[in-house]
Amino acid sequence: MVNATNGSPYQVALSQFDRAAAHLSLSSGVREMLRHPRRELIVSFPVRMDDGSEQIFTGYRVHHSTTRGPSKGGLRYHPDVTLDDMRAMAMWMTWKCAVVGIPYGGAKGGVPCDPTQLSRCELENLTRRYATEIAVLMSPEGDIPAPDVGTDAQVMAWIMDTYSMRRGYSTPAVVTGKPLELGGSLGRAEATGRGAAYMTIEAMKHCGIRLEGATVAVQGFGKVGAPTAYFLEDMGCRVVAISDINGGIYNPRGLDVRDVLRYAQENGNSVFGYPGVDAISNEELLALGVDVLAPCALENAITSRNAPAIRAKVVVEGANGPTTPEADDILSDKGVFVVPDVLANAGGVTVSYFEWVQGLQYFFWNEPEINARLREIMVRSFDNVLRISQGKGVDMRVAAYILAIDCVARAHQLRGTHP
Ligand code: NAD
């Protein structure tokens, strides 16, 4: 059992790192370097609001690592964003890129705000000013943002335009998750969910669970949760429960996921009130006796408090950091097979990488090519992590971290320390 982490995502990230690093013979210098973010930028900036006033916002951008290439990671607009959270998520991005063998380091950025309370014009003003403030770090060669909670393709379009105006020419490769019209990649919008679905199938194969009719519960029904749910339904699973911030819905016979999505899109992005099903709470969803539980909302969903109640055989972490290390121990003791976030949700950054490559060379692939390359990378990564897990007798998270930390540490050793 590791030390209690008090739920801070950064403490969780460090604890996960320490747990895996214990299996590697890293020098103390490399170990400390990997525990610390490479650089952090805090900005305060004014935004013109619709009533003519100026409101001051704070923004963050953290680079955890640039050892293996440009830093890459999402931008979050959410009231709870803190610098510490960004540190954790930047670190997770470093490991995620290394697990799937993509030549990036990890980054994350965000602005504490509630985007649902901003008008479209205010959101655009905030985004353009934040992008201007972090432009000292951002570039196609240096740091490439992408959507995360509270941001989307439109936000990426504004960032791409703001950056391009500064440069004097269009620079599509400075962000990923852009609209297709601006050089976005086919398949990117659904890539995280598609990848999570591929990982669920691999996990079920490994655990001897039949795909046809396997029951699934999905927490969070946004850019990750919704495609995870409908791809699993397409592949023959029965999605029995879905939730969002307002609560969940349950039908033991299975939900029509695309119909639920249509309903949510017409009802304030919420499944709340969907007809003909039972209403359940998020806590009840987590405790359902399903084959697969996919936490796809926010960090710290599964803690030492609710982990004992989890009855799923497989947990696939669509969200970043949904399980605390204390909860990991409890799930492991119960024999739950956990596909960790750095593997389960790596489909997003993988297709972001494809988008960046396409943007740099102005040559675009078709969707079957994208999806086939995604599947190949995800399945190979799953196999690599599973091999380490079985070889060393550790869980999939520790195995993924061992693979990733070793990869980044070796890259650092080859580069050497400058000067
Ligand atoms: P999103 O904003 O599109 O969706 C978030 C969903 O979670 C919404 O349905 C929201 O209602 C729900 N939610 C929020 N708080 C909740 C709570 N307390 N309980 C239950 N549900 C809650 O965000 P997203 O892009 O889908 O990201 C979700 C998670 O996946 C985050 O952890 C994010 O970092 C991670 N992630 C996203 C991507 C991506 O490509 N978007 C890639 C990798 C990882």
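Residues numbered from 1 in each chain as written. Predicted model: local features only at pLDDT ≥ 70, side-chain atom pairs only at ≥ 80, totals over all residues. Heavy atoms only, no water.

### Some details on helix α1 (residues 9-21)
Here is step 1 of the chain: Taking 1.5 Å of rise per residue, 13 residues should cover 18 Å, and α1 covers 18 Å from first to last C-alpha, within 8% of that figure.
Here is step 2 of the chain: Counted residue by residue, α1 has 10 buried out of 13 residues, so it is predominantly covered.
Here is step 3 of the chain: Among the residues of α1, those classed as buried are Pro9, Tyr10, Val12, Ala13, Leu14, Ser15, Gln16, Phe17, Ala20 and Ala21.
Here is step 4 of the chain: Those residues of α1 that are buried lie in contact with α2 (28-35), α3 (83-99), α10 (325-333) and α14 (396-415). (Helix = DSSP H or I, 4+ residues; strand = E, 2+ residues; numbered from the N terminus. Expected span 1.5 Å × (residues − 1). Buried < 20%, exposed > 50% of the residue type's maximum accessible area, 1.4 Å probe, protein only. Contact = heavy atoms within 4.5 Å.)

### Structural notes on the pattern of salt bridges
Here is step 1 of the chain: Counted under the stated rule, the structure contains 25 salt bridges.
Here is step 2 of the chain: Note that Glu40 is salt-bridged to Arg87, the shortest N-O span being 2.5 Å. One end of the pair, Glu40, is in strand β1 (residues 39-48); the other, Arg87, is in helix α3, with 47 residues separating them in the sequence.
Here is step 3 of the chain: Glu40 gets classed as partly exposed once you look at its relative accessible area, which sits at 36%.
Here is step 4 of the chain: What emerges from the salt-bridge pattern is a single network uniting Arg76, Lys108, Asp148 and Glu299. (Salt bridge = Lys/Arg side-chain N within 4 Å of Asp/Glu carboxyl O.)

### Section: the packing of helix α12 (residues 347-361) against helix α13 (residues 367-392)
Here is step 1 of the chain: The interhelical angle for the contact between α12 and α13, taken along N-to-C directions, is 130°, at an axis separation of 10 Å. One way to sum up the angle between α12 and α13 is to call them oblique. Crossing of α12 over α13 shows right-handed handedness. Packed against α12, whose contacting residues are Gly347, Thr350, Val351, Phe354 and Gln358, the element α13 presents Ile370, Arg373, Leu374, Ile377 and Met378 at the interface.
Here is step 2 of the chain: Of the residues that constitute the contact of α12 with α13, the class distribution is six nonpolar, three polar and one charged. (Axes fitted to C-alpha atoms, helices over the stretch in contact; angles between N-to-C directions. Parallel < 35°, antiparallel > 145°, perpendicular 65-115°, else oblique. Left-handed = near helix turned anticlockwise from the far one by under 90°. Nonpolar A, V, L, I, M, F, W, Y, C, P; charged D, E, K, R; others polar.)

### Considering the sheet that holds β1
Here is step 1 of the chain: Strand order in this open sheet of five strands is β1-β2-β4-β3-β5, and the pairing throughout is mixed. Both edges of this open sheet fall to β1 and β5 (143-147), since each of them pairs with a single strand only. In this sheet, neighbouring strand axes are inclined to one another by 25° on average, regardless of whether the strands run parallel or antiparallel.
Here is step 2 of the chain: Pairing of strand β2 (residues 54-63) with strand β4 (residues 105-111), which is carried by four bridges, proceeds in the antiparallel orientation. Of the residues in β4, the one forming a bridge with Tyr60 is Gly110. (Pairing = 2+ DSSP bridges.)

### Let's talk about the environment of Val257
Here is step 1 of the chain: Relative to the elements of secondary structure, Val257 occurs in helix α8 (residues 257-266).
Here is step 2 of the chain: Take Val257: its relative accessible area is 0%, and that puts it in the buried class.
Here is step 3 of the chain: When the C-alpha atoms of Val257 and Ser71 are compared, they prove to be 35 Å apart, with 186 residues separating the residues in sequence.
Here is step 4 of the chain: Leaving out residues up to four positions away in the same chain, Val257 has contacts with Phe221, Ala226, Ala229, Tyr230, Glu233, Val239 and Ile242.

### A closer look at the site of the ligand
Here is step 1 of the chain: Every one of the 23 residues lining the ligand counts as a neighbour, but Asp148, Thr192, Phe221, Val224 and Asn320 are closest to it.
Here is step 2 of the chain: Here an oxygen atom of the ligand and a side-chain polar atom of Asp148 are 2.7 Å apart.
Here is step 3 of the chain: For the ligand, an oxygen atom lies 2.9 Å from a polar atom in the backbone of Val224.
Here is step 4 of the chain: Protein contacts shield 84% of the accessible area of the ligand, which totals 830 Å² for the unbound molecule.
Here is step 5 of the chain: Of the residues that make up the shell around the ligand, three or more belong to each of domain 1 (36-182) and domain 2 (191-339). (Near = heavy atom within 4 Å. Polar contact = N/O pair within 3.5 Å; in protein donor to acceptor, adjacent residues only side chain to side chain. Areas by Shrake-Rupley, 256 points an atom, 1.4 Å probe, with all protein chains shown as cover. Domains from an automatic or database assignment.)

### Overview of the domain arrangement of the protein chain
Accessible area lost upon the coming together of the parts serves often as the stated size of an interface.
Here is step 1 of the chain: Looking at the protein chain, the domain boundaries give domain 1 (36-182) and domain 2 (191-339).
Here is step 2 of the chain: Contacts between the two partners involve 12 residues from domain 1 and, on the opposite side, five residues from domain 2.
Here is step 3 of the chain: Together, the buried faces of domain 1 and domain 2 total about 610 Å²; carbon and sulfur atoms form 51% of this surface.
Here is step 4 of the chain: Per-residue buried area on domain 1 facing domain 2 is highest for Arg76, Trp92 and Lys96; these three make up 46% of the total on that side.
Here is step 5 of the chain: On the surface where domain 1 and domain 2 come into contact, there are four residue pairs in polar contact (both at pLDDT 80 or more).
Here is step 6 of the chain: Considering every element that reaches the side of domain 1 that touches domain 2, the biggest residue donor is α3, with four residues.
Here is step 7 of the chain: The residue makeup of the side of domain 1 that touches domain 2, split by class, is four nonpolar, three polar and five charged. (Buried area = accessible area lost by both parts, 1.4 Å probe.)

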